[in-house]
Amino acid sequence: MSAARPSFQSFSAGLLAAIVGFASSFAIVIQGLNATGATPAEATSGLMALSISMGLCAVVASLWTKIPVSIAWSTPGAALLASAGAVDGGFAAAVGAFLVCAVLIILAGLIRPFGRAVAAIPSPLANAMLAGVLFGLCLAPVRAVGEMPVYALAVILTWAVAVRFARLYAVPLAMVVTFGIAFLTGGSLSLAETPLISKPIVILPVFTFEAFVSIALPLFIVTMASQNIPGIAVLRAFGYQPNSSSLFTLSGVFSLLSAPFGGHAVNLAAITAAMCAGEDAHKDPAARYWAAVFAGVIYVLFGLFAGLVMAFVAATPGILIEAVAGLALLGALAFSIGEATKEAETRDSAIITFAITASGVSFFGVSGAFWGLLAGGAFMALMRFRKQT
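How each quantity is defined
Residues numbered from 1 in each chain as written. Predicted model: local features only at pLDDT ≥ 70, side-chain atom pairs only at ≥ 80, totals over all residues. Heavy atoms only, no water. Core = buried A, V, L, I, M, F, W, Y, C linked by side-chain atoms within 4.5 Å. Buried < 20%, exposed > 50% of the residue type's maximum accessible area, 1.4 Å probe, protein only. Helix = DSSP H or I, 4+ residues; strand = E, 2+ residues; numbered from the N terminus. Contact = heavy atoms within 4.5 Å. Axes fitted to C-alpha atoms, helices over the stretch in contact; angles between N-to-C directions. Parallel < 35°, antiparallel > 145°, perpendicular 65-115°, else oblique. Left-handed = near helix turned anticlockwise from the far one by under 90°. Nonpolar A, V, L, I, M, F, W, Y, C, P; charged D, E, K, R; others polar. Salt bridge = Lys/Arg side-chain N within 4 Å of Asp/Glu carboxyl O.

Enquirer: I'd like a description of the nonpolar core, backed by residues and values.
Expert: Within the largest apolar cluster, 107 residues are counted, with the highest numbers of intra-cluster contacts made by Phe26, Leu47 and Phe98. The greatest single-element share of this core, amounting to 12 residues, is contributed by helix α5 (residues 90-110). Leaving out residues up to four positions away in the same chain, Phe98 has contacts with Leu33, Leu81, Phe91, Ile215, Leu219, Ala259, Gly262, Gly263 and His264.

Enquirer: Before we move on, could you go through the packing of helix α4 (residues 75-84) against helix α11 (residues 209-237) and cite the residues and values that matter?
Expert: At a minimum axis separation of 8 Å, α4 and α11 run at an interaxial angle of 150 degrees. With respect to their mutual orientation, α4 and α11 come out roughly antiparallel. Note that α4 runs across α11; the crossing there is right-handed. Each of Thr75, Pro76, Gly77, Leu80, Leu81 and Ala84 in α4 lies in contact with α11, whose residues at this interface are Ser214, Ile215, Pro218, Leu219, Val222, Ser226 and Gln227. Its residues assigned to classes, the contact of α4 with α11 shows 8 nonpolar, 5 polar and no charged.

Enquirer: Tell me about the pattern of salt bridges, residues and numbers included.
Expert: Evaluation of the coordinates by the stated rule reveals 1 salt bridge. Lys342 is the salt-bridge partner of Glu339, the closest N and O atoms lying 3.2 Å from each other. With a relative accessible area of 24%, Glu339 lands in the partly exposed category.

In structure tokens:
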């Protein structure tokens, strides 16, 4: 058998990557869509569209390039939606922002100067903005302990023990315990009324300046800086030479396809990319792309049954879902804070960006993420100008 053919090893690696990618962050996606005004049916449609889009994108990209291109939904982007909240125009305006973000991602791939300009955004500021977005969400486990101490501590303890002994399964196990608590405490789980195959809903977009500045632009920045660019770096770390422009464009196209159904953005993955590109996926690096293909197929299946996931979520106390989402984001928060503050020269600018973003304030209907990035950039420019004069 040719080494480039799929194997059980590549299938198992793809299965694990899909389970980890979906289970570790779908609560964040749901929380983000709900925060922007999506109804339960629209949130289900968004979850379905994202899962199917990232699955198909992974299959197409991996078979086309023969590289293990793992695709994920934008978890930082979902966290941004949760912190930004609803804008004038409701979820329809958010969908309009999703479409604009997708077009920007496509342009970043097609127009090299534009892509280089995005990559030139100072890393400390991008990471500080992301940390500010994540900070409030990561407080959810503490709030959960205040509201439901016994149940929240059970979820947190499960997560902590799993982090120690099986880190990849920490968030999925915490979610299983959360659903178990909902079942044992009489949560209103009604699977009989839930369609086996979910139905997509088309949301007619509304385009507003507020949604562009508060959602589209920050979503584009965090998706590129926290997902697409690191995703390329992971592949290169494993010895692959991906065409970043083509992959950015492809992810933008699939983001564009998912947006009318409520999906915010899909992009290159980082964590699951390492799972599909490593030795556990196949002994031959030339055959590891099959792991990403299998992961994509499984994502599509998950998307078709998104309604079942939403039924479990609806039966579970919201604060516990938020707690699991917060636990899932702790690692990203720690990493982004570390990256934002590691250089003394840019530390003050990063802290300004973080503080304004984390404050949650908005001016003229524009969220703190934009103002934080703007203020941090202005202060950084001022400090550099002072040194030159």
